[in-house]
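# Structural description and commentary
Read off the chains here:
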Amino acid sequence: MPICNLSGTSCGRWSSWMCKDKELPPVLIIASISILGTCLLVWVSKTARGKAQLPPGPRGFPILGYLPFLGPNLHQLFMELAQNYGPIYKLSIGQKLCVIISSPTLVKEIVRHQDVTFANRNPTIAAKTFSYGGKDIAFAPYGPEWRLLRKVFVREMQSNANLDAFYSLRRSKVKKSVRDVYGKKIGEPVDVGELAFLTVINMISGMFSGGNLGQEGEIDIGAKFRVAVAELVEILGKPNVSDFFPFLARFDIQGVKRKMEEVSQRIEKIYDHVIDQCIKKKQQQSGEMGEITDRKDFLHFLLEFKEQDTEKSISRQQIKALLMDIVIGGIDTSPTTVEWAMAEMMLHPQVMKKAQEELTNVVGINNLVEEFHIQELPYLHSIVKETLRLHPVAPLLLPRCPTESCNVGGYIIPKGTKVFLNVWAMHRDPEFWDYPQSSNQRGSLVLYLPFGSGRRICVGLPLGERMVMYLLATFLHMFNWKLPGGANPDTSEKLGIVLEKSTPLVIIPTPRLFNLELYT
Ligand code: HEM
């Protein structure tokens with residue numbers, strides 16, 4: 001075929017050498033096609049390599065995406081979807097692009113190799129509202145302010161010395177709960193989760209008020225505080241359509257922002273009162289003694305940083321946001337873990353018996369458990385570890401959000417995507433764990449992350465562990481427990497702000513120690 005005819009024009013300067021006799025030899029045509037084809041292949045494969053694709057994932061409806069298919073237990077649904085779409089997949093929820101990751105290798109990629117890129121959160125409107133737009137630790141963007149708050153929290157407030165200094169306070173709250181059970185509940189059904197919750201909220205509010213309010217003030221404020229915190233947690237756990245369709249945010253259709261503002265203001269008033277009392281006491285003490293030498297409560301530490309006239313100074317608003325973190329991070333996580341551990345032990349009475357034997361050996365049958373005993377209770381430690389493997393309170397951690405588009409497992413994750421790390425699925429993966437028979441792990445790839453990992457790892461880990469161990473040890477050492485009617489406890493889950501038991505564990509205590517004076 002005369003090539004020049006293809007263009008429909010006469011041969012110009014460039015083609016004149018080809019067009020001598022108006023036809024190309026077949027060998028030249030084949031060679032040209034091969035060269036062109038090879039170039040095209042190289043170009044296509046280079047472009048494909050350079051431009052990674054989004055991960056695969058289910059389609060969902062137009063506009064709504066996968067929203068209509070979501071249920072309350074996202075962690076379970078996400079694990080089921082992983083069976084179809086693999087360890088990394090995407091979902092559109094309304095206008096929000098989400099990526100779910102559930103393999104140890106890819107999770108490591110996020111929390112270790114690309115930790116800085118993924119060190120941001122994607123807070124919901126409710127979370128932004130109670131944290132003054134992300135002035136706290138949990139929702140602050142990764143940067144100098146977040147670093148300063150974390151440093152203060154980890155090095156000063158959660159240092160071993162400071163946690164030890166608060167032991168007498170924790171001890172008095174635990175003793176009070178034992179007294180209450182012994183006084184009113186022997187032989188009666190007890191809601192263990194509620195018992196643990198009340199003990200922990202008393203410990204935590206005592207730790208930041210440091211006894212500045214006096215007995216009556218604490219009881220009065222404690223009651224108001226408990227009600228407000230319960231409301232706040234409920235609002236925080238509810239899905240909000242404005243989070244998935246940001247253009248609706250201004251209408252606040254479900255009233256989530258309004259309700260959160262209202263309850264946050266109530267809590268803020270309590271904080272303001274406690275902060276003022278603390279400032280007053282601090283001034284009195286420094287007037288009397290020049291320097292405060294006794295134990296420092298959380299607020300003392302924070303106020304010291306507030307007074308510094310340097311870039312290390314913390315504002316009153318940041319102090320209140322941080323107190324919110326302590327409350328929200330602390331009061332639901334530890335009691336829920338205690339409740340799960342007790343439920344698992346009710347299902348496996350031989351485990352409870354062994355834990356009680358360990359306590360008898362270490363503590364003594366006529367002594368109270370003290371926090372220093374905790375280090376000598378390896379069996380109880382392994383029960384807590386196994387509980388957090390099976391029932392991590394944050395099964396999807398707190399979602400991460402990349403600050404720039406990046407590549408994970410050969411797929412692109414665009415900037416601003418909400419990234420869920422499904423540790424719940426990882427903790428139960430039969431490829432890595434001999435579940436459910438035992439917690440034996442196979443291979444070195446296993447990841448166990450109930451407290452998260454990387455820069456955003458749980459900042460309250462030392463306090464959380466102490467509270468869980470101390471409470472569990474006390475409940476097991478002081479009482480024998482049985483199920484009403486002998487029925488096995490239900491272990492189905494409900495994901496709210498934390499992964500709770502869907503029905504509360506209600507069990508009956510009887511005293512275990514001979515010396516009944518220890519209960520009063
Ligand atoms: C059994 C107890 C606890 C468990 C299982 C737990 C678990 C977690 C998890 C999984 C995260 C997310 C980590 C990540 O994204 O990688 C987290 C973050 C956090 N936790 Fe805990 N937590 C516990 C107790 C506490 C306590 C007692 C406090 C406060 C006193 C606390 C305060 C926080 C804060 C402020 C963050 C956000 C850290 C950041 O974004 O930099 N937690 N926790």
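Residues numbered from 1 in each chain as written. Predicted model: local features only at pLDDT ≥ 70, side-chain atom pairs only at ≥ 80, totals over all residues. Heavy atoms only, no water.

- The chain carries the name Cytochrome P450 in an unreviewed UniProt entry, which gives Hevea brasiliensis as its organism.

## Focus: the coordination of the iron atom of the ligand
- For the iron atom of the ligand, the sole protein-derived donor is Cys458 (SG), lying 2.3 Å away.
- Secondary-structure assignment places Cys458 in the loop between helix H18 (423–427) and helix H19 (461–478). (Donors = N, O, S within 2.8 Å, 3.2 Å for Na, K, Ca; no water. Helix = DSSP H or I, 4+ residues; strand = E, 2+ residues; numbered from the N terminus.)

## Considering the nonpolar core
- In this structure, Phe130, Met157, Phe225, Met342, Leu380, Leu472 and Trp481 are the most contacted members of the largest nonpolar core, which totals 100 residues.
- The element contributing the most residues to this core is H19, with 11 residues.
- With sequence-adjacent residues up to four places away left out, Leu380 is seen in contact with Ala355, Glu358, Met469, Leu472, Ala473 and Leu476.
- Among the nonpolar cores identified, the runner-up in size contains 19 residues, and Phe78, Ile100, Leu248 and Trp424 belong to it. (Core = buried A, V, L, I, M, F, W, Y, C linked by side-chain atoms within 4.5 Å. Buried < 20%, exposed > 50% of the residue type's maximum accessible area, 1.4 Å probe, protein only. Contact = heavy atoms within 4.5 Å.)

## Concerning unusual backbone geometry
- Although it is not a glycine, Ile63 adopts a positive phi angle of roughly 65 degrees.
- Here Ile63 is to be found in the loop between helix H2 (26–50) and helix H3 (74–85).
- On the basis of relative accessible area, Ile63 is assigned to the exposed category, the value being 70%.

## Re the pairing of strand S1 (residues 88–93)
- Where S1 lies against strand S2 (residues 96–101), 6 bridges are found, and the strand directions are antiparallel. Paired with Tyr89 across the two strands is Ile100, which belongs to S2.
- Turn length for the S1-S2 hairpin, with the two strands adjacent in sequence and antiparallel, is 2 residues, and the turn residue Gly94 shows positive phi of about 60 degrees. (Pairing = 2+ DSSP bridges.)

## Topic: the packing of aromatic side chains
- If you walk through the whole model with that rule in mind, you get 13 aromatic pairs.
- Seen from their ring centres, Tyr85 and Tyr89 are 6.2 Å apart, and the 40 degrees between their planes marks the pair as tilted.
- Under the relative-accessibility criterion, Tyr85 is labelled partly exposed at 30%.
- By relative accessible area, Tyr89 is classed as buried at 0%.
- Joined through ring pairs, the aromatic side chains of Tyr182, Phe475, Phe479, Trp481 and Tyr519 make up one cluster.
- Above the plane of the ring of Tyr448 lies Lys385, whose end atom (NZ or CZ) is 5.1 Å from the centre. (Phe/Tyr/Trp six-rings, centres within 6.5 Å; stacked < 30°, edge-to-face > 60°. Lys NZ or Arg CZ within 6 Å of the ring centre and 35° of its normal.)

## Concerning the site of the ligand
- Among the 28 residues in the neighbourhood of the ligand, the closest are listed as Arg121, Arg150, Arg400, Arg456 and Cys458.
- At a separation of 2.7 Å, an oxygen atom of the ligand approaches a polar side-chain atom of Arg150.
- Looking at the shell around the ligand, the elements that each hand over two or more residues are helix H6 (144–157), helix H14 (316–331), helix H15 (333–347) and H19.
- Broken down by element, the shell around the ligand gets its largest block of residues, 4 residues, from H14.
- Across the shell around the ligand, the residue classes break down as 14 nonpolar, 9 polar and 5 charged. (Near = heavy atom within 4 Å. Polar contact = N/O pair within 3.5 Å; in protein donor to acceptor, adjacent residues only side chain to side chain. Nonpolar A, V, L, I, M, F, W, Y, C, P; charged D, E, K, R; others polar.)

## Notes on H19
- For H19, with 18 residues, the first-to-last C-alpha span of 26 Å sits near the 26 Å given by 1.5 Å per residue.
- With 15 of 18 residues buried, H19 is to be regarded as a mostly interior element. (Expected span 1.5 Å × (residues − 1).)

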